[in-house]
Amino acid sequence: MYPDHTHGVPVERAVEVHQPTPLPPAVPVSAPVVPGQPGTVPAVASIVLPDGRVVTGYAVAPAQPAPVTVKPAVSRTAVNVALGGVGFLAVCGGLLLLTSFIAALTAFVTQLIILAAVIFGGWIAVQILGPSGHRGGTTVNIRKATFKRNHFHG
């Protein structure tokens, strides 16, 4: 593959660098402009291979990919839906607590009304059915009374 060198000392050859000759400006053509390499012309490099061949070419930098815009991990719509759900649950919880509070307050007022009715009814019953005592007025004592044929004769 490689030629056998009969000499013990390898032959050193100089690396030649050629500069390209720029072309004269051409007549403008209405062809679409295609983005290419930067405006400067890169240097041409020549490399001598061990078998004596010379390779000449441009040193081209690797193409950089276009920067990708960073997207958030979660979409804004998903965040809005989640916040709406949390708000709805908070409102439902508040309404549940409000409903429980109103039910407890209603039961408390009902018990107070029943208690007042029992106390007032008891007081009325004591006033009506209790011992009459002397309240002023005239006292009539009937000592002997005769009833003849369902008529009172006193």
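Residues numbered from 1 in each chain as written. Predicted model: local features only at pLDDT ≥ 70, side-chain atom pairs only at ≥ 80, totals over all residues. Heavy atoms only, no water.

Enquirer: Just checking my understanding: could you explain the environment of valine 44 for this structure?
Expert: If you trace the backbone, valine 44 turns up in strand β1 (residues 44-48). For the pair valine 44 and glutamine 19, spaced 25 residues apart in the sequence, the C-alpha separation amounts to 5.9 Å. (Helix = DSSP H or I, 4+ residues; strand = E, 2+ residues; numbered from the N terminus.)

Enquirer: How should the packing of aromatic side chains be read in this particular structure?
Expert: The full count for this structure, using the stated rule, is one aromatic pair. With 6.2 Å between their ring centres and 25° between their planes, phenylalanine 120 and tryptophan 123 make a pair best called stacked. One end of the pair, phenylalanine 120, and the other, tryptophan 123, are both in helix α1 (residues 76-129), three residues apart, so they sit about a helical turn from each other. According to the relative accessible area criterion, phenylalanine 120 is exposed, its value standing at 54%. (Phe/Tyr/Trp six-rings, centres within 6.5 Å; stacked < 30°, edge-to-face > 60°. Buried < 20%, exposed > 50% of the residue type's maximum accessible area, 1.4 Å probe, protein only.)

Enquirer: Help me understand the pairing of β1 in this model?
Expert: The side chains of a regular strand alternate, first on one face of the sheet and then on the other. The pairing of β1 with strand β2 (residues 54-58) spans five bridges and is antiparallel. When the sheet's bridge partners are listed, isoleucine 47 is paired in β2 with valine 55. (Pairing = 2+ DSSP bridges.)

Enquirer: Hey, could you run me through a nonpolar patch on the surface in this one?
Expert: On the surface, Val91, Leu95, Leu98, Phe101, Ile102, Leu105, Phe108, Val109, Leu112, Ile113, Leu115 and Ile119 cluster together into a nonpolar patch covering about 1,200 Å² of accessible area. Mapped onto the elements, isoleucine 102 comes out in helix α1. Relative accessible area serves as the criterion here: at 46%, isoleucine 102 is assigned to the partly exposed category. (Patch = residues over 30% accessible without salt bridge, like charges linked within 9 Å, V, L, I, M, F, W, Y side chains within 5 Å. Areas by Shrake-Rupley, 256 points an atom, 1.4 Å probe, with all protein chains shown as cover. Salt bridge = Lys/Arg side-chain N within 4 Å of Asp/Glu carboxyl O.)

Enquirer: What should I look at first to understand the confidence of the model for the protein chain in this one?
Expert: For any part of a model where pLDDT is low, the fine detail of the predicted coordinates should not be relied upon. Across the protein chain, the average pLDDT comes to 75, with 60% of residues at 70 or higher. Within the protein chain, no element has a lower average pLDDT than strand β3 (residues 146-148), which sits at 61, and none a higher one than α1, at 91. (pLDDT = per-residue confidence, 0-100.)

Enquirer: Just to check I follow, could you spell out the pattern of salt bridges for this structure?
Expert: A pair can form between side chains of opposite charge whenever their charged atoms are brought close. With the rule as written, the count across this model stands at one salt bridge. Residue arginine 53 pairs with aspartate 51 through a salt bridge whose shortest N-O separation is 2.7 Å. Residue arginine 53 is classed as exposed on the basis of its relative accessible area of 53%. With a relative accessible area of 25%, aspartate 51 lands in the partly exposed category.

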